[in-house]
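Architecture at a glance
If you want the building blocks of each chain, they are given just below.
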Amino acid sequence: MIAFWMMTGLAAALAALLVLAGARRGADAAEDVQADAGRRELDELDRLKARGLLDETAHAAARAEAGRRLLAQDRSGDAAPRAGSRDRVWVLAGTGLAVLAALGLYMTTASPGLPDQPYRQRVDRWAADPAALEPEQLAAVMGRVAAERPNDPQALAMLGAARFEAGDPIGAASAFRRLLALNPDDAQTWARLGESLVRSADGQIGADAEAAFREAVKHDPDQLGARFFLGEAALRRGDTAAVHAMWGPLIAALDPADPRRQDLQQRMAGPQTEGATQ
């Protein structure tokens, strides 16, 4: 790893030198082009005078004007920034300090002596203590378990839940679909599939999600989460009857002091107006 950082520093220094050299060549090339254009203009004026196309007064005035333009170009060129020897020193010093700072941060916060662990070994280590895992790590562990036991409903359910919590709703939906292939009458799995599809669509309740929620309510009318999403979809369409059918039992199941109950009652009071604004 130390060798890698040394090569990184050398590459950064070489890149800085190339930038400075390119800037210098560009400035020199621009100066050469301006000088050549000025010389050509003066030569052309002399040829016009020799051919009798310019008299002495016009020739002198034209040369004077050309000379003023050349002087103005020289002054503007002198004012332009140039990459000098000190600039090279400062750029190289800054590059070196940046590389050293990055190396120091790596040495203090990382483990440079620790060999790289293959993914399989990391999953083995995570599986040894699943209670302390982050959602992404738990999803990796459950992915292995589900691969080893593809017909285990519990493994697939835990895999879908872990992927959902890890921010992978598409992967969660895939796991729940596999679980439904084993048990198509599981209302909770239908509801979880619908929620995964809604999250993967950035909150939009599409046709697939709505169909999943309908299956959940068909197999278990007490699936309150599915009822909420079905009522929300109906509210956005302005379907007053469907909103009342879905949210009525949900409101009745909530505690009177629950603020969610009051929110649903307020929204259900004017579904046509709210649905028209969606």
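What counts, and at which threshold
- Residues numbered from 1 in each chain as written.
- Predicted model: local features only at pLDDT ≥ 70, side-chain atom pairs only at ≥ 80, totals over all residues.
- Heavy atoms only, no water.
- Salt bridge = Lys/Arg side-chain N within 4 Å of Asp/Glu carboxyl O.
- Helix = DSSP H or I, 4+ residues; strand = E, 2+ residues; numbered from the N terminus.
- Buried < 20%, exposed > 50% of the residue type's maximum accessible area, 1.4 Å probe, protein only.
- Phe/Tyr/Trp six-rings, centres within 6.5 Å; stacked < 30°, edge-to-face > 60°.
- Lys NZ or Arg CZ within 6 Å of the ring centre and 35° of its normal.
- Core = buried A, V, L, I, M, F, W, Y, C linked by side-chain atoms within 4.5 Å.
- Contact = heavy atoms within 4.5 Å.
- Expected span 1.5 Å × (residues − 1).
- Polar contact = N/O pair within 3.5 Å; in protein donor to acceptor, adjacent residues only side chain to side chain.
- Axes fitted to C-alpha atoms, helices over the stretch in contact; angles between N-to-C directions.
- Parallel < 35°, antiparallel > 145°, perpendicular 65-115°, else oblique.
- Left-handed = near helix turned anticlockwise from the far one by under 90°.
- Nonpolar A, V, L, I, M, F, W, Y, C, P; charged D, E, K, R; others polar.

This brings us to the pattern of salt bridges. Should their charged atoms come close, side chains of opposite charge can pair. Summed over the entire model, instances satisfying the criterion amount to seven salt bridges. Across the pair Arg237 and Glu210 runs a salt bridge, and its minimum N-O distance is 3.0 Å. Here Glu210 lies in helix H9 (residues 207-219) and Arg237 lies in helix H10 (residues 224-237), a separation of 27 residues in the sequence. Since its relative accessible area comes to 47%, Arg237 is described here as partly exposed. Judged by its relative accessible area of 12%, Glu210 is buried.

Applying the stated rule across the entire model yields three aromatic pairs. Relative to Phe229, the ring of Phe228 has its centre 5.3 Å away and its plane inclined at 75 degrees; by these criteria the two rings are edge-to-face. Phe228 sits in the partly exposed class, given a relative accessible area of 29%. Look at Phe229 and you get buried, because its relative accessible area is 19%. The rings of Phe213, Phe228, Phe229 and Trp247 are connected pair by pair, giving a single aromatic cluster. Across the ring face of Phe164, the terminal group of Arg199 is positioned such that the distance to the ring centre comes to 3.8 Å.

Another aspect to go through is the nonpolar core. Leu193, Phe213 and Trp247 are the most contacted members of the largest nonpolar core, which has 30 residues in total. Those elements that provide at least two residues to this core are helix H7 (169-182), helix H8 (187-200), H9, H10, helix H11 (240-253) and helix H12 (259-269). For this core, the element with the highest residue contribution is H10, accounting for six residues. When neighbours within four sequence positions are excluded, Leu193 is seen to be in contact with Ala173, Phe176, Arg177, Leu180 and Ala212. In this structure, Val145, Ala146, Leu156 and Ala175 belong to the second largest nonpolar core, which totals nine residues.

Another point: helix H6 (residues 153-165). Over its 13 residues, H6 extends 18 Å from the first C-alpha to the last, a length consistent with the 18 Å expected when each residue adds 1.5 Å. For H6, the complete set of buried residues consists of Ala155, Leu156, Ala157, Leu159, Gly160, Ala162 and Phe164. Those residues of H6 hidden inside the fold are in contact with helix H5 (135-148), H7 and H8. With a side-chain oxygen lying 3.0 Å from the backbone nitrogen of Gln154, the N-terminal cap of H6 falls on Asp152.

Another aspect to go through is the packing of H9 against H10. Running from amino to carboxyl end, H9 crosses H10 at an angle of 135 degrees, the nearest separation of the two axes being 9 Å. Taken together, the axes of H9 and H10 lie oblique to each other. Pair H9 / H10 crosses with left-handed handedness. Across from Glu210, Phe213, Arg214, Ala216 and Val217 in H9, the residues of H10 making contact are Ala226, Arg227, Phe229, Leu230, Ala233 and Arg237. Split into classes, the residues belonging to the contact of H9 with H10 amount to seven nonpolar, no polar and four charged.

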